[in-house]
Each structure stands twice: as C-alpha cells, then as structure tokens.
Amino acid sequence: MLIFCIIYYVLSYAQTIPQIIKLVKTKSSNDYSLGMIAMQFIGVLAWTIYILTSLQTTIVYIGSIIDMILLTFVDYLIMKYYKFK
C-alpha cells in the first residue's frame, strides 16, 4: 500500500509545481476560483490534521506536511497576485 501513497504524493507535487511557476511568471491569478482554493486548502488542512493525529508511517507524515506547505505557498501567491475588482 505504500506504493499508492508514494504515487499520490509524486502526482500531487507534480501538479503543484507548474502552478507555482505559472503564478511567478505571469504575476496574475484572476483565472483561479477563490472558492475552489479555499475548499482545497480546508480539505488539505483537515487531511494533514488527521494524519498528524493518527499512527502513520514516516513517509505519510512527511508527504502530508510537504503537501500542506506547497499548497499554502500556492495560495499565498494566488492571493498576492489576485486583482480584486
């Protein structure tokens, strides 16, 4: 089952890195839905809290924390470059 966990984290990181690159290059984030970003953040935060309060392998702890850090950074960039109208 560990292989599925590793696959999840690799794919999760692989989808986050291009978002970071796009946000830094274009300095625009109005094509992101703030509602979707909020739901995604709450979901990953809830998942991370669940993982940290349960007995898991070290890979799961580390992967969840990295996932939360990357998502927080993406959300920071989105809010930084979002132009409220």
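Residues numbered from 1 in each chain as written. Predicted model: local features only at pLDDT ≥ 70, side-chain atom pairs only at ≥ 80, totals over all residues. Heavy atoms only, no water.

**Quick word on helix H3 (residues 58–81)**
- End to end, H3 covers 35 Å across 24 residues, agreeing with the expected 34 Å (1.5 Å per residue, within 8%).
- Along H3, the positions that sit buried rather than exposed are Val60, Gly63, Ser64, Asp67, Met68, Leu70, Leu71, Val74, Asp75, Leu77, Ile78 and Tyr81.
- Its buried side turned inward, H3 meets helix H1 (2–26) and helix H2 (34–52). (Helix = DSSP H or I, 4+ residues; strand = E, 2+ residues; numbered from the N terminus. Expected span 1.5 Å × (residues − 1). Buried < 20%, exposed > 50% of the residue type's maximum accessible area, 1.4 Å probe, protein only. Contact = heavy atoms within 4.5 Å.)

**Re H1**
- Between its first and last C-alpha, H1 extends 37 Å over 25 residues, near the 36 Å set by a 1.5 Å rise per residue.
- The secondary structure elements touched by the buried residues of H1 are H2 and H3.
- Of the residues one or two after H1, Lys27 is the one with positive phi, at around 55°.

**Regarding a nonpolar patch on the surface**
- A surface patch of nonpolar side chains, about 910 Å² in accessible area, is lined by Met1, Leu2, Ile3, Phe4, Ile6, Ile7, Val10, Leu11 and Ile59.
- Looking at the nonpolar patch element by element, the count peaks at seven residues for H1.
- As for its position among the elements, Val10 is in helix H1.
- For Val10, a relative accessible area of 51% gives the class exposed. (Patch = residues over 30% accessible without salt bridge, like charges linked within 9 Å, V, L, I, M, F, W, Y side chains within 5 Å. Areas by Shrake-Rupley, 256 points an atom, 1.4 Å probe, with all protein chains shown as cover. Salt bridge = Lys/Arg side-chain N within 4 Å of Asp/Glu carboxyl O.)

**A short note on the nonpolar core**
- Ile20, Leu23, Tyr32, Ile37, Leu70, Val74, Leu77, Ile78 and Tyr81 together form the largest nonpolar core, which totals nine residues.
- When residues of this core are traced back to their parent elements, those giving at least two are H1 and H3.
- When residues of this core are assigned to their parent elements, the largest contribution, five residues, is made by H3.
- Setting aside residues no more than four positions away along its own chain, Val74 makes contact with Thr16, Gln19, Ile20 and Leu23. (Core = buried A, V, L, I, M, F, W, Y, C linked by side-chain atoms within 4.5 Å.)

**Section: the packing of H2 against H3**
- Relative orientation of the contacting elements H2 and H3 amounts to 160°, with a least axis distance of 10 Å. Classified by the angle between their axes, H2 and H3 sit roughly antiparallel to one another. Judged by the sense of rotation from one axis to the other, the crossing of H2 with H3 is left-handed. From H2, Leu34, Ile37, Gln40, Phe41, Val44, Leu45, Trp47, Thr48, Ile51 and Leu52 reach across to H3, where they touch Val60, Tyr61, Ser64, Ile65, Met68, Leu71, Thr72, Asp75, Ile78 and Met79.
- Here the residues of the contact of H2 with H3 are counted per class, giving 15 nonpolar, four polar and one charged. (Axes fitted to C-alpha atoms, helices over the stretch in contact; angles between N-to-C directions. Parallel < 35°, antiparallel > 145°, perpendicular 65-115°, else oblique. Left-handed = near helix turned anticlockwise from the far one by under 90°. Nonpolar A, V, L, I, M, F, W, Y, C, P; charged D, E, K, R; others polar.)

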